[in-house]
Amino acid sequence: MKEDFEWIRSWTDLSNNEDLPRILLIGDSITEGYQELVRNGLKGVCYVDYIATSYPVNRTMYQNLITSIANDSTYDLIHFNHGLHGFEMSLEDYKAYINKVISSFRCKSIIMVTSTRVNLPNTYDEDLKWGKVLKDRNMFIKTYALENNFILDDLFELSQKIENKDRLTDGFHYQRSGYEILANQVVKSVKMALAKSLTK
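Residues numbered from 1 in each chain as written. Predicted model: local features only at pLDDT ≥ 70, side-chain atom pairs only at ≥ 80, totals over all residues. Heavy atoms only, no water.

**Focus: the pairing of strand S5 (residues 110–113)**
To keep things clear, this is the line we draw: Accessible area is worked out with a 1.4 Å probe on protein chains only. A residue is then buried under 20% of its type maximum, exposed over 50%, and partly exposed in between. Runs of H or I in DSSP of at least four residues are treated as helices and runs of E of at least two as strands, each being numbered from the N terminus. DSSP bridges decide pairing: two strands pair if at least two such bridges lie between them.
The alternating pattern of S5 places Ile110 and Met112 on one face and Ile111 and Val113 on the opposite face, and all of these are buried. In this sheet, S5 lies alongside strand S4 (residues 77–80) in parallel orientation, the contact comprising 3 bridges. What sits directly across from His79, in S5, is Ile111.

In structure tokens:
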């Protein structure tokens, strides 16, 4: 099922340069929110490209889009996060399509990322529904990372500690200060992963 409004945003930074490692951030509006901060935090360390979209992982559009972007450049690292769309998707479908997409990548290293907390104080029942979906999806992401020897970036755990003053009232998104908190962890995870890959 499509959402009422579907969107795609992407950026490739100095696409012909090969003097630094190149990484790709894949995600949704949360990734869109922190990508510029991550780019600034990794300036001089690596080139940071990104693709963010509302399409869920079980749609052919998503699979074709993400695979094409991920394999259009030579990436040293992909930072992958996509769990806040496709609410009606079953857990089994989510697992199958995540594996399908990840298996299509030709990059050297992958960071699997848990999805951030949904915080809906005015619609608590809906918050509980999202809480169950995210708990199951994030548990799978953690297991999948462990089984495939991927680095895990646990943004869900970090998002639990982000205060309401750093959030927007829609329950999903953040003020710039909140995105700064997330971006700082992404930068650390990327630096750690790049250092690890260089020692192999």
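**Describing the packing of helix H2 (residues 60–70) against helix H3 (residues 91–103)**
Stated formally: For every element, the axis is a line fit to its C-alpha atoms; helices are fit only across the contacting stretch, and the angle between N-to-C directions ranges from 0 to 180 degrees. Throughout this description, any angle smaller than 35 degrees is read as roughly parallel, any larger than 145 degrees as roughly antiparallel, any in the 65 to 115 degree range as roughly perpendicular, and the remainder as oblique. A crossing counts as left-handed when the near helix is turned anticlockwise from the far one by less than a right angle, and as right-handed when that turn is clockwise. What makes two residues a contact is simply this: any of their non-hydrogen atoms within 4.5 Å.
As a packed pair, H2 and H3 sit with axes 9 Å apart at the nearest point and diverge in direction by 25°. One way to sum up the angle between H2 and H3 is to call them roughly parallel. Handedness of the H2/H3 crossing: right-handed. Contacts between H2 and H3 involve Tyr62, Gln63 and Ile66 from the first element and Tyr97, Lys100 and Val101 from the second.

**Looking at the pairing of strand S2 (residues 22–27)**
Selection criterion: By convention a crossover is right-handed if, when the strands point away from the viewer, the path from the first strand over the helix to the second runs clockwise.
The element S2 is extensively covered by neighbouring structure, given that 6 of its 6 residues are classed as buried. Side chains Arg22, Leu24 and Ile26 of S2 all project onto a buried face; the interleaved residues Ile23, Leu25 and Gly27 project onto the opposite face, where all are buried too. Sheet topology places S2 next to strand S3 (residues 47–53); 6 bridges connect them, and they run parallel. The partner of Ile26 across the bridge, within S3, is Ile51. Following the backbone out of S2, through helix H1 (residues 29–41) and into the adjacent parallel S3, one traces a crossover that is right-handed. One ladder, built from 4 bridges, connects S2 with S4; its direction is parallel. Bridging from a neighbouring strand, Ile23 pairs with Leu77 of S4.

**Regarding the packing of aromatic side chains**
The condition that has to hold: The pairing test for Phe, Tyr and Trp rings, Trp by its six-membered ring, is centres within 6.5 Å, and the orientation test on the planes gives stacked under 30 degrees, edge-to-face over 60, and tilted for anything in between. Charge-over-ring placement is defined geometrically: NZ (Lys) or CZ (Arg) within 6 Å of the ring centre, and within 35 degrees of the ring normal.
Taken as a whole and assessed by the stated rule, the structure comprises 7 aromatic pairs. Between Trp130 and Phe172, the ring centres sit 5.8 Å apart and the planes meet at 85°, which makes this aromatic pair edge-to-face. One end of the pair, Trp130, is in helix H4 (residues 124–147); the other, Phe172, is in the loop between helix H5 (155–159) and helix H6 (176–198), and 42 residues separate them in sequence. On the basis of relative accessible area, Trp130 is assigned to the buried category, the value being 7%. Cluster of aromatic residues (ring-pair linked, three or more members): Tyr94, Phe140, Tyr144 and Phe150. For Arg9, the ring lying beneath its charged end belongs to Trp7, and the centroid distance is 4.5 Å. Positioned above the aromatic ring of Tyr94 is the side chain of Arg137, whose terminal nitrogen or guanidinium carbon lies 4.7 Å from the ring centre.

**Here we look at the environment of Asn148**
Along the chain, Asn148 falls in the loop between H4 and strand S6 (151–153). For Asn148, a relative accessible area of 35% translates into the label partly exposed. The spatial distance from the C-alpha of Asn148 to the C-alpha of Glu3 is 32 Å, given a sequence separation of 145 residues.

**Comments concerning H1**
The following threshold applies: Residue count minus one, scaled by 1.5 Å, sets the expected span of a helix. For this analysis, a polar contact is any N or O atom pair within 3.5 Å, provided that within protein one partner can donate a hydrogen and the other can accept it, and provided that sequence-adjacent residues contribute only side-chain to side-chain pairs.
For H1, with 13 residues, the first-to-last C-alpha span of 19 Å sits near the 18 Å given by 1.5 Å per residue. You can read the cap of H1 off the contacts: a side-chain oxygen lies 3.1 Å from the backbone nitrogen of Ile30, and it is on Asp28.

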